Amino acid sequence: MKPFRTPGARIAVATLVAFALLALLAPWLLQNPNAMPDPVGERLLGPSLAHPFGTDALSRDLLARLARGGAISLQVGLSAALLASIVGGSIGMLAGSAGRVADTLMMRGTDAFASVPRAFAILFVVAAWPEMPLWAFTLLLGVTGWYAVARIVRAESLRLMATDALTAARALGAGRARIIFRHLLPNVAGQLAVATALGVGEAMLLEAGLSFLGAGVRPPTPSWGGMIHDGKDVLLTAPWATLAPGLALTAAVLATNRIGDALRDAFDPRTR
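Residues numbered from 1 in each chain as written. Predicted model: local features only at pLDDT ≥ 70, side-chain atom pairs only at ≥ 80, totals over all residues. Heavy atoms only, no water.

Asker: Describe the packing of aromatic side chains, and please don't skip the residues or the numbers.
Answerer: Counting across every chain of the model gives four aromatic pairs. One aromatic cluster in this structure is built from Phe113, Trp146 and Tyr147. (Phe/Tyr/Trp six-rings, centres within 6.5 Å; stacked < 30°, edge-to-face > 60°.)

As structure tokens, this is what we get:
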């Protein structure tokens, strides 16, 4: 089954491509997202030709901020999801191929890390590092999101290690590196692709929630969560200030989840 043959998957891809193009073209087509041309006379303007999505309480153009915030959300979400898949996939394959003792030790360690709520761990680190740069925040999201990936890959690796092909490979003297890269990785790549796609949306939601609380992307850098926070006080008088980033975040997360579902169907042998 081709992963993007269905209309829903194609719409999801088109949605993410549109956000990516908007983010890439914004520096040339839109004004500075942090520019405040007239904080008194142009604050909270409704949608118009000059400002298609209106302005916020500081007269900043919401479309420009939406584009910049989308770039940051996509960058953070994709980078964190890739990192989580790399770390989780590596640990899962090592645990699944290392033998019973090493597998038990590695998975008990994974369970210990996973027992700490992810949001709590991130807030704890952010509180200890108030001026955390964006790259460190992205790294933090990635290294706290690999536990589920590790469990999934470990289970598949254990199943593969019990097959006749892997038993024969070990009998012929294949080393750990050859088993992982030649036999395990090609067979778990589909699961890693699905986990990465689904992890993008999860990371974007987590980043938006933390930014809403003031613990994520720092102002004046735009982020969709921060924009929702900025607009919450004028929700009734200027709903566009909150609806624009909220709808954009919803569309992006739904698109990544739909792509993840399409990839899962594509790698499922029962649908081929």
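Asker: How would you explain helix α4 (residues 118-128) if you had to name every residue and give the values?
Answerer: Since one α-helical turn is 3.6 residues long, residues separated by three or four positions face the same way. Every buried residue belonging to α4 is among Arg118, Ile122 and Val126, and all of these are buried. Along the axis of α4, the buried positions cluster into a sector of 60 degrees, meaning they face one direction only. Counted as exposed and oriented over 90 degrees from the buried face of α4: Phe120, Phe124, Ala127 and Ala128. Looking at the buried side of α4, the elements it contacts are α5 (134-143) and α8 (176-212). (Buried < 20%, exposed > 50% of the residue type's maximum accessible area, 1.4 Å probe, protein only. Helix = DSSP H or I, 4+ residues; strand = E, 2+ residues; numbered from the N terminus. Arc of directions from axis to C-beta. Contact = heavy atoms within 4.5 Å.)

Asker: Any chance you could break down the packing of α8 against helix α10 (residues 240-267) for me, citing the residues and the numbers?
Answerer: Where α8 contacts α10, the axes come no closer than 8 Å and their chain directions differ by 165 degrees. Classified by the angle between their axes, α8 and α10 sit roughly antiparallel to one another. Viewed along their axes, α8 and α10 form a crossing whose handedness is left-handed. Residue-level contacts link Gly190, Ala193, Val194, Ala197, Leu198, Val200, Gly201, Met204, Leu205 and Ala208 of α8 to Leu249, Ala252, Val253, Thr256, Asn257, Ile259, Gly260, Asp261, Leu263, Arg264 and Phe267 of α10. Classifying every residue of the contact of α8 with α10 by side-chain character gives 14 nonpolar, five polar and two charged. (Axes fitted to C-alpha atoms, helices over the stretch in contact; angles between N-to-C directions. Parallel < 35°, antiparallel > 145°, perpendicular 65-115°, else oblique. Left-handed = near helix turned anticlockwise from the far one by under 90°. Nonpolar A, V, L, I, M, F, W, Y, C, P; charged D, E, K, R; others polar.)

Asker: Give me the packing of helix α2 (residues 62-97) against α5: which residues, what numbers.
Answerer: The interhelical angle for the contact between α2 and α5, taken along N-to-C directions, is 45 degrees, at an axis separation of 7 Å. Taken together, the axes of α2 and α5 lie oblique to each other. Considering how the two elements wind past one another, α2 and α5 form a crossing that is right-handed. From α2, Ile72, Gln75, Val76, Ser79, Ala80, Leu83 and Ala84 reach across to α5, where they touch Leu134, Thr138, Leu139, Leu141, Gly142 and Val143. Class assignment for the residues of the contact of α2 with α5 results in nine nonpolar, four polar and no charged.

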